[in-house]
Amino acid sequence: MALGAVAEPPVRRRGSDYAQLSRRISQAGLLERRPGWYVTRITLTLGAFVAGWIAVFLLGDSWWQLPLAAVMAVATTQVAFLGHDAGHRQMFRRRGASELVGLFAGNVAVGISYGWWVDKHNRHHANPNHEDEDPDVGAGALVWTPEQALETRGFGRWMAQRQAYFFFPMLLLEGLNLHVASIRAIVGREDGKYTVPMRHRAVEAALLVAHTVGYVALLLAVMSPVKALLFAVVHQALWGLYMGCAFAPNHKGMPMPTAEDELDFLRKQVLTSRNVRGSRLVDTTLGGLNYQIEHHLFPNMPRANLRRAQPIVRAYCVEQGIPYAETGLIESYRQALGHLHEVGRPLRG
């Protein structure tokens, strides 16, 4: 610097990187609730769901019930997406209204505990893809890190070596897994305390019982026990498959931060998430979860606003030099399966 020159003051940013992005999103009006949109969505989705069960009742003891079971798997997943939105308070500002929709969509219609799911999903959002903090990547039937793979034994180790090949077939059991996990969450206790916090435990238990009794009673009332069993198997298996296929592209195969990584909120959410590009049909099919980056940055943003928020978020990430992952649906599955296969590599020698 030349002698006597006046030093330029350093450029100061107002707030954190996330705060700046949040201001842009807020100024665009994208955090405002869309009650009219959601009333229409709830009416159409639940209307189709109820119409499907009426069709089951009217069709009676027929083998055509099996294709109808596949249709009901789609309808059930769409209702589950409503429960997801309610859990994030995307629909209404008031907790009571959100919980009412969530309890009906989760416990009554689908048969999973809304309170358990909210607790689990909030922990996922707080630390996505974090091995020790995100319940979605904890070691279980699948392993997500080489360290988890090396800790497996027996049949679990054999599975870990080949888990990429078994991923989609295993999703056929995801529906059953969700039902079992819900029951465990409601009744599970340790050291005299319930293991999962839940605001309406007794209500949720009663609603799950009502769902189960109603489901079994309806099937046995209109078709033979064999057809009823096959209907339930097809319905629950395809529902689990659809749910898994909707959630798998979001984080699987993306970076998995550890306690040693120091990431701010913006980077923690963006770097661990993947968007799936596509038309509005993709938006509907995946329940808006294809905008996973925007959803993780603004969990309470109404689903209908995510598409409009995407170009703002993507441009801001470019400004900040933050990688923004977006790919097609098939490629997202390829990346997820590639990650699962790579995790098992140490076991394959």
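Model, not experiment: these values are computed from the prediction. Every chain's residues receive numbers from 1 upward, in the order its sequence appears when written. This being a predicted model, a pLDDT of at least 70 is required before a residue's local features are given, and a value of 80 or more before pairs of side-chain atoms are given or counted; all residues contribute to the totals for chains, interfaces and linings. Side-chain descriptors were evaluated using all non-hydrogen atoms of the structure, hydrogens and water having been removed beforehand.

K.L.:
Would you explain the pattern of salt bridges in this entry?
P.N.:
Pairing is possible between side chains of opposite charge, provided their charged atoms come close. We define a salt bridge as a contact between a side-chain nitrogen of Lys or Arg and a carboxyl oxygen of Asp or Glu at a distance within 4 Å. In total, this model carries 12 salt bridges according to the counting rule given. Salt-bridge contacts for Arg-24 lead to Glu-319; the nearest nitrogen and oxygen are separated by 3.1 Å. One end of the pair, Arg-24, is in helix α1 (residues 17-27); the other, Glu-319, is in helix α14 (residues 306-320), and 295 residues separate them in sequence. Any residue under 20% of the maximum accessible area for its type is buried, any over 50% is exposed, and the rest in between are partly exposed; the area is computed with a 1.4 Å probe on protein chains only. Note on Arg-24: relative accessible area 32%, which makes it partly exposed. Here Asp-136 ties to Lys-120 by a salt bridge, and the two come within 2.6 Å at their closest N and O atoms. Placement of the pair is Asp-136 in the loop between α5 (114-126) and α6 (146-150) and Lys-120 in helix α5, with a sequence separation of 16 residues. It is possible to trace a salt-bridge network through shared partners that takes in Asp-17, Asp-264 and Arg-267. Working definition: helices are DSSP H or I runs of at least four residues, strands are E runs of at least two. Numbering for both runs from the N terminus.

K.L.:
Please clarify how the environment of Arg-274 should be interpreted in this entry.
P.N.:
Examined against the element boundaries, Arg-274 turns out to sit in the loop between α11 (265-271) and β3 (275-276). The exposure class assigned to Arg-274 is buried, which follows from its relative accessible area of 1%. When the C-alpha atoms of Arg-274 and Gly-253 are compared, they prove to be 9.0 Å apart, with 21 residues separating the residues in sequence. A polar contact of 3.1 Å, which involves the side chain of Arg-274, links it to the side chain of Gln-335. Pairs of N or O atoms within 3.5 Å make up the polar contacts considered here, provided that, within protein, one atom can donate a hydrogen while the other can accept it, and that residues adjacent in sequence are counted only when both atoms are side-chain atoms.

K.L.:
Where do I start with α5 in this structure?
P.N.:
An α-helix turns once per 3.6 residues; consequently, residues spaced three or four apart project the same way. Here the expected length of a helix is defined as 1.5 Å per residue gap, with one fewer gap than residues. With 13 residues, α5 should cover 18 Å at 1.5 Å per step; its first-to-last C-alpha distance of 18 Å lies within 8% of that length. Along α5, the residues that are buried comprise Tyr-114, Gly-115, Trp-116, Trp-117, Val-118, Asp-119, His-121, His-124 and His-125. Between the side-chain oxygen at the start of α5 and the backbone nitrogen of Trp-116 there is a gap of 3.1 Å, and the oxygen is on Ser-113.

K.L.:
Can you help me understand the side chain of Ser-98 in this one?
P.N.:
Positionally, Ser-98 belongs in helix α4 (residues 95-110). The criterion used for residue contact is that any of the two residues' heavy atoms lie within 4.5 Å. Those residues in contact with Ser-98, other than ones at most four positions away along the chain, are Ala-86, Arg-89, Phe-92 and Tyr-114.

K.L.:
Please clarify how the packing of aromatic side chains should be interpreted in this entry.
P.N.:
Centre-to-centre distance and the angle between the planes together describe a pair of aromatic rings. Two aromatic rings from Phe, Tyr or Trp, using only the six-membered ring of Trp, form a pair when their centres are within 6.5 Å; if the ring planes differ by under 30 degrees the pair is stacked, by over 60 it is edge-to-face, and anything between is tilted. Applying the stated rule across the entire model yields 11 aromatic pairs. Between Phe-49 and Trp-53, the aromatic rings sit 6.3 Å apart at their centres with planes inclined by 85°, giving edge-to-face as the arrangement. Of this pair, Phe-49 and Trp-53 both sit in helix α2 (residues 35-59), separated by four residues, roughly a single helical turn. We classify Phe-49 as buried; its relative accessible area is 8%. On the accessibility criterion, Trp-53 (15% relative accessible area) is buried. A ring pair is formed by Phe-167 and Phe-168, whose centres lie 5.2 Å apart and whose planes are at 70°; its orientation type is edge-to-face. Taken together, the aromatic side chains of Phe-49, Trp-53, Tyr-215 and Phe-231 make up a single cluster linked through ring pairs. Whether a charge sits over a ring depends on NZ of Lys or CZ of Arg being within 6 Å of the ring centre and within 35 degrees of the ring normal. One Lys or Arg, Arg-201, reaches over the ring of Tyr-194 and ends 3.8 Å from the middle of that ring. One cation-aromatic arrangement involves Lys-227 over Trp-63; the distance from NZ or CZ to the ring centre is 4.5 Å.

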